[in-house]
Amino acid sequence: MRIGICGGTFDPFHRGHFDPILSARDTMSWDRVVYVPAYRQPFKADRETATAFDRFAMTVLATEDAAWAYVSPVELERGAISYTVDTLRHFREELQHNATIDWIIGDDNLAQLGDWKSIDTIFELANFAVLSRNGDESLVPAAFRERIADPSDRPPCGTIVFAENATVPVSSTEVRRKLRANEPIDSLVDGRVARYIQHYGLYRKGRS
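About the thresholds
- Residues numbered from 1 in each chain as written.
- Predicted model: local features only at pLDDT ≥ 70, side-chain atom pairs only at ≥ 80, totals over all residues.
- Heavy atoms only, no water.
- Helix = DSSP H or I, 4+ residues; strand = E, 2+ residues; numbered from the N terminus.
- Core = buried A, V, L, I, M, F, W, Y, C linked by side-chain atoms within 4.5 Å.
- Buried < 20%, exposed > 50% of the residue type's maximum accessible area, 1.4 Å probe, protein only.
- Contact = heavy atoms within 4.5 Å.
- Axes fitted to C-alpha atoms, helices over the stretch in contact; angles between N-to-C directions.
- Parallel < 35°, antiparallel > 145°, perpendicular 65-115°, else oblique.
- Left-handed = near helix turned anticlockwise from the far one by under 90°.
- Nonpolar A, V, L, I, M, F, W, Y, C, P; charged D, E, K, R; others polar.

1. Quick word on the environment of Ser-138
Okay, step 1: In this fold, Ser-138 is placed in the loop between strand E5 (127-131) and strand E6 (160-163).
Okay, step 2: Taking C-alpha positions, Ser-138 is 39 Å from Leu-202, a pair spaced 64 residues apart along the chain.

Right, here's the structure in full:
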């Protein structure tokens with residue numbers, strides 16, 4: 001079994017969180033993709049977000065038509081700053097020993113790999129699957145380049161692989177900016193997410 005895991009604040013969940021992974025599924029042969037909304041990310045701990053419940057709900061709404069996608073509350077139930085190594089330990093304990101686990105990141109996260117808590121342990125638990133249109137291996141820090149592998153021949157853990165995907169030029173920051181400026185977001189998020197945001201008045205001035 002091959003599992004892709006995508007963690008993030010999803011504040012809010014948008015097409016950039018879904019379309020590239022949909023595009024990469026054939027390359028990566030994922031049987032399942034698990035989205036894991038963070039209670040609070042260590043690199044974003046000083047930024048106010050929508051509530052954990054709202055972010056979880058929006059992720060569920062945006063993925064409910066994808067039979068291959070699941071949303072896990074594990075980090076929200078933990079109720080603390082979310083470290084990747086803790087979440088991967090949880091999933092490795094749940095899955096069979098020889099299951100391939102790929103932690104999905106964007107190529108913009110590669111420069112920070114050396115700053116991740118317990119990075120060596122992370123590689124003992126999973127691979128990094130890098131979403132990148134160009135597959136630029138030079139973005140991988142020199143200390144980790146020996147771990148670069150072919151997606152079609154990757155082991156259950158320990159490597160960095162590049163997943164072919166379609167880039168979607170959208171960010172949660174841009175979605176929130178448009179909402180605060182009363183600009184339309186229909187092309188950036190799933191319609192159910194847009195309606196949820198509107199119904200609960202999220203991201204408006206005076207709200208998170």
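Having put the structure on the table, let's press on.
2. Brief notes about the nonpolar core
Okay, step 1: Counting 36 residues, the largest nonpolar core has Ile-21, Trp-30, Tyr-35, Ile-104 and Ile-197 as its most contacted members.
Okay, step 2: Breaking this core down by element, the ones donating at least two residues are helix H1 (15-28), strand E2 (32-37), helix H2 (52-63), strand E3 (69-71), E5, E6, helix H6 (172-180) and helix H7 (191-200).
Okay, step 3: Leaving out residues up to four positions away in the same chain, Ile-104 has contacts with Gly-4, Ile-5, Cys-6, Ile-21, Trp-30, Val-33, Ala-129 and Leu-131.
Okay, step 4: Formed by 27 residues, the second largest nonpolar core is a distinct cluster that contains Phe-91, Trp-103, Ile-105 and Leu-125.

3. What to know about the packing of H2 against H7
Okay, step 1: Remark: H2 packs on H7, axes separated minimally by 8 Å, with the N-to-C direction vectors making an angle of 150°. When the axes of H2 and H7 are compared, the pair comes out roughly antiparallel. H2 and H7 meet at a crossing whose hand is right-handed. Between H2 and H7, the contacting residues are Phe-53, Asp-54, Ala-57, Met-58, Leu-61 and Ala-62 on the first element and Arg-192, Val-193, Tyr-196 and Ile-197 on the second.
Okay, step 2: A class-by-class count of the residues in the contact of H2 with H7 yields eight nonpolar, no polar and two charged.

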